[in-house]
Amino acid sequence: MVHALREAHRVLKPGGLLVDARPDSRVLAHAEHENAHGFSRFGTVRTNTTELANDRASDHAIALVVSGGLFTRRRRGRFWHRVPFASLAELRHYLSEHIRFVHRANWIVDEATRRRYANEPFAIRRAVRYDVFSRRATDKPRRPKAVGE
Amino acid sequence: MSPIGDVGKRVPIPSSALRPDPLNELSKWGGTPLVRGKRVLDLGCGDGRFALGVARFAAAVEGIDPDPEAIAAARQNRRKSGIRNVRFAVGAAQELSYPNESFDVVILSWTL
């Protein structure tokens, strides 16, 4: 990942922008039932451990190139995105094949409630994080700070 | 294994259909001024969802992805859309074939 970020730095003009946007695994996704008043939370969905480790590796790579002086952070934030499903079965199928999420939701409503609304629309509401960096003009990267320095 | 088979993460093409609308995503990052009139590189472009979505604001967009099937889908989507200022190529983010300082914006959308 650091190699990819170094390449991004190489092809960017000085002052050019790098945007890193990806699912935010630091917060739980929500399984929601859609009703006449909006959405109500039926459960939560965790990111699987492999992808959590990948996300930490990505965070580490970003931290290295920033502390190394290649990029300066300009802006960061998070927004929420809903993936809609026609029914609970569709949502379950989506989770069963998902690369990032664990394959089962942790339900906070009982089974009878889930069964009652099973044929109504559902959604997964997930967080997306983003960082906007600018390429530093210098051609001389700084030495990354050592731990405790 | 292809020369780029051991780098980059391959994600199924249909997954892009479940991602945020590109203009909505762009609006969160800072809106159209971020790409307006600029040369943009979309690393890990998949089927071209983001590259094609923002192309009308940019001067030119290049999209690369390690998955040849994704690039084939991106090219097909470009033909359907009629957009002319976007090019797609198979490639890895770790080994870019572009000259130094050739882009104003590099996007890693759901890539790292």
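Shown above is the structure to which this text applies.
Below is a summary of the structure that appears in this document.

Definitions and cut-offs
- Residues numbered from 1 in each chain as written.
- Chains lettered and ligands numbered in written order.
- Predicted model: local features only at pLDDT ≥ 70, side-chain atom pairs only at ≥ 80, totals over all residues.
- Helix = DSSP H or I, 4+ residues; strand = E, 2+ residues; numbered from the N terminus.
- Buried ≥ 20, exposed ≤ 12 C-beta atoms within 10 Å, placed from the backbone.
- Pairing = 2+ DSSP bridges.
- Right-handed = clockwise from strand over helix to strand, strands pointing away.
- Contact = placed C-beta atoms within 7 Å.
- Nonpolar A, V, L, I, M, F, W, Y, C, P; charged D, E, K, R; others polar.
- Axes fitted to C-alpha atoms, helices over the stretch in contact; angles between N-to-C directions.
- Parallel < 35°, antiparallel > 145°, perpendicular 65-115°, else oblique.
- Left-handed = near helix turned anticlockwise from the far one by under 90°.

## Regarding the overall build of chain B
Per the secondary structure count, chain B includes three helices and four strands. Taken from the N to the C terminus, the helices and strands of chain B come in the order α-β-α-β-α-β-β. The buried share of chain B, taken over its 112 residues, is 49%.

## With respect to the pairing of strand E1 (residues 39-43) of chain B
For a regular strand, side-chain orientation follows a simple rule: the groups alternate between the two sheet faces. All names here are of chain B. Most of E1 sits inside the fold, with five of its five residues counted as buried. Of the two faces of E1, the one lined by Arg-39, Leu-41 and Leu-43 and the one lined by Val-40 and Asp-42 are each fully buried. Relative to strand E2 (residues 60-65), E1 runs parallel, the two sharing five bridges. Bridging from a neighbouring strand, Leu-43 pairs with Ile-64 of E2. Once you follow E1 into helix H2 (residues 49-54) and on to E2, the crossover reads as right-handed. As paired elements, E1 and strand E4 (residues 103-109) share three bridges and run parallel to each other. Counted as the bridge partner of Leu-41 is Val-106 from E4.

## Brief notes about the interface of chain B and chain A
Counting residues at the interface gives 26 residues for chain B, matched by 27 residues for chain A. Here the element with the most residues in the side of chain B that touches chain A is E4 of chain B; it accounts for seven residues. Class assignment for the residues of the side of chain B that touches chain A results in 17 nonpolar, five polar and four charged. Bridge count for strand E1 (residues 12-23) of chain A against E4 of chain B is six bridges, and the pairing is parallel. Looking at the pairing, Ala-21 of chain A lines up with Ser-109 of chain B of E4 of chain B.

## A closer look at the packing of helix H1 (residues 2-11) of chain A against helix H2 (residues 49-67) of chain A
The axes of two packed helices give the description: the angle between them and the distance between them. Residues and elements named next belong to chain A. One way to put it is that H1 packs onto H2 with a least axis distance of 9 Å and a crossing angle of 45 degrees. Regarding the angle of H1 to H2, the classification is oblique. Relative to H2, the crossing made by H1 is right-handed. Counting all contacts with H1, which are made through Val-2, Leu-5, Arg-6 and His-9, the residues of H2 involved are Ala-61, Leu-64 and Val-65.

## Concerning the environment of Asp-47 of chain B
Within the fold, Asp-47 of chain B resides in the loop between E1 and H2. On a C-alpha basis, the gap between Asp-47 of chain B and Ala-74 of chain B in space is 4.1 Å, while along the polypeptide they are 27 residues apart.

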